[in-house]
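Structural features, examined
Each chain, letter by letter, is given below.
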Amino acid sequence: MDTDDDELCRCMEGMAGGDAAFLFTFHERFGPKITWIVRDMVRGMGRLDILRDDDEIDGLVIDACEVIYSRASGWRADGARPWKWARAAIRSRVAAGIGHRPVSFEEAYDHGLPVGDAAGADGEVSGLLARDADLTGDDIVDLIQVDPRARLLDRAIRSVGCERSQQICWQYGVQKALGDPSPAVTVARMFGVEPGNVRQIFVRQKAKVVALIESDDRFEPLRQFGWFAA
Amino acid sequence: MSSGRRGDATAMCERLALRLERAGAAHPVAGAVALVARGHLGMARHEFADLVGIEVADVGASEDGRVPFGRLPREIGWVLDDIEGLDLLVLADAARASRCGASAAACQHDPPCSDA
């Protein structure tokens, strides 16, 4: 553990205890990292107008730090860095903060955005997420690319249920695995539904995926996987 | 390390003041400034109190927004001088604007806002 890690742990510990002085510490020490992440998210959302406004970005960075502050008690030092761990919640706050870029019907039509064309030919998450930058697509796509089991899991999730249930299932599982104390709330904000609906959708989709994994030997490696282990 | 933008420390301080205001603090801007001083050093309350030589209770009262801007312990002010991007003039104006507006006789705060 280096000095930076020590300082991060101390900040997170202070914030977990509800000490707002450490919110300032976190912002002062790790603000550049959060700024980079927020700018990346804003860019991904196509809001170049916001990207050029330093005051707006400052406000979003503070929002992001507050997201981490409010969740600090759920963070584990041996897990992902806080900005990675809370990435979906940060993205959700950023999206809520800047609103959606208005896109005219003609513009969408010109760029060929009909939903049916958006998913990749292989039906994996990547194609879908490239269309909707508000989702934590980069995290999931990265995972699918490097981990064969994640790829298999994606295939299983994509094999049953509707597209929306598949996305909610992925996001809920990722948030839960990252230690989000309220994954249903985070995912509900992303999809504009009630947290209770998210839990119900996850349970229904999970039941379908478990049935598939148990009945289809192609998915045998997933039988011991945390999300869907019997 | 700083994020390099002059003013972002001020913006963060204003956000802390907003939190204190929502929590019902009488002097939210002063409270936020006190929090920022300790946050800049990354210390727990007792460590900070030991370092600057004031009572923990005084640190707590300042940070909870129970002390007006003008009556914050001067030791806190010494720390603030080192913080890049913290505009104390802007914050003093904000503190003045957040006073309750009552006369010294009518003000319910202790000490009265007009003394700040």
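The structure presented is a predicted model; accordingly, all values stated were derived computationally and were not measured. (Residues numbered from 1 in each chain as written. Chains lettered and ligands numbered in written order. Predicted model: local features only at pLDDT ≥ 70, side-chain atom pairs only at ≥ 80, totals over all residues. Heavy atoms only, no water.)

1. So, helix H6 (residues 88-97) of chain B
Residues and elements named next belong to chain B. Along H6, the residues that are buried comprise Leu 91, Ala 92 and Ala 95. The buried side chains of H6 occupy one side of the element, clustering within an arc of 100 degrees when seen end-on. Within H6, the exposed residues directed more than 90 degrees away from the buried face are Leu 89 and Ala 97. Looking at the packing, one finds that the buried side of H6 touches helix H1 (8-22) and helix H2 (28-41). (Buried < 20%, exposed > 50% of the residue type's maximum accessible area, 1.4 Å probe, protein only. Helix = DSSP H or I, 4+ residues; strand = E, 2+ residues; numbered from the N terminus. Arc of directions from axis to C-beta. Contact = heavy atoms within 4.5 Å.)

2. Brief notes about the pattern of salt bridges
For the structure on display, the rule yields 21 salt bridges over all chains. Between Asp 40 of chain A and Arg 43 of chain A there is a salt bridge, and its shortest N-O distance comes to 3.9 Å. Of this pair, Asp 40 of chain A and Arg 43 of chain A both sit in helix H2 (residues 21-44), 3 residues apart, which is roughly one turn of the helix. Within the structure, one salt-bridge network assembled from shared partners comprises Asp 19 of chain A together with Arg 38, Arg 45, Glu 63, Asp 64 and Arg 66 of chain B. (Salt bridge = Lys/Arg side-chain N within 4 Å of Asp/Glu carboxyl O.)

3. Remarks on the packing of helix H3 (residues 45-52) of chain B against helix H4 (residues 56-63) of chain B
Residues and elements named next belong to chain B. Orientation of H3 relative to H4, taken along the N-to-C sense of each, is 115 degrees, at an axis distance of 8 Å. Judged by the angle between their axes, H3 and H4 are roughly perpendicular. With respect to the hand of their crossing, H3 and H4 are arranged in right-handed fashion. Counted together, Arg 45, His 46, Phe 48 and Ala 49 of H3 and Val 56, Val 59, Gly 60 and Glu 63 of H4 form the full contact between these two elements. Residues that form the contact of H3 with H4 fall into these classes: 4 nonpolar, 2 polar and 2 charged. (Axes fitted to C-alpha atoms, helices over the stretch in contact; angles between N-to-C directions. Parallel < 35°, antiparallel > 145°, perpendicular 65-115°, else oblique. Left-handed = near helix turned anticlockwise from the far one by under 90°. Nonpolar A, V, L, I, M, F, W, Y, C, P; charged D, E, K, R; others polar.)

4. Here's the deal with the interface of chain B and chain A
Listed by partner, the interface residues are 22 residues for chain B and 22 residues for chain A. Summing both sides of the interface, chain B and chain A together bury roughly 2,000 Å²; the carbon and sulfur share of this comes to 56%. Joining chain B to chain A, the criterion identifies 5 salt bridges. Remark: the boundary between chain B and chain A carries 10 residue pairs in polar contact (both at pLDDT 80 or more). For the side of chain B that touches chain A, the elements supplying multiple residues, two or more each, are H1 and H2 of chain B. Per-element tally for the side of chain B that touches chain A: the top contributor is H1 of chain B, with 7 residues. Residue composition of the side of chain B that touches chain A, by class: 11 nonpolar, 5 polar and 6 charged. (Buried area = accessible area lost by both parts, 1.4 Å probe. Polar contact = N/O pair within 3.5 Å; in protein donor to acceptor, adjacent residues only side chain to side chain.)

5. Overview of the packing of aromatic side chains
All names here are of chain A. One pass over the structure, following the stated rule, counts 4 aromatic pairs over all chains. Considering the side-chain rings of Phe 26 and Trp 83, the 6.3 Å spacing of their centres and the 40 degrees angle between planes classify their relative orientation as tilted. Within this pair, whereas Phe 26 is found in helix H2, its partner Trp 83 is found in helix H5 (residues 82-85), the two being separated by 57 residues in sequence. Taking the relative accessible area as the measure of exposure, Phe 26 reaches 0% and is therefore buried. Classification of Trp 83 by relative accessible area gives buried; the value is 8%. Ring geometry for Phe 30 against Trp 83: centres 5.7 Å apart, planes inclined by 35 degrees, an arrangement best described as tilted. Of this pair, Phe 30 sits in helix H2 while Trp 83 sits in helix H5, and the two are 53 residues apart along the sequence. Of the two residues examined, Phe 30 and Trp 83, each falls in the buried class. Pairwise contacts between aromatic rings join Phe 26, Phe 30 and Trp 83 into one cluster. (Phe/Tyr/Trp six-rings, centres within 6.5 Å; stacked < 30°, edge-to-face > 60°.)

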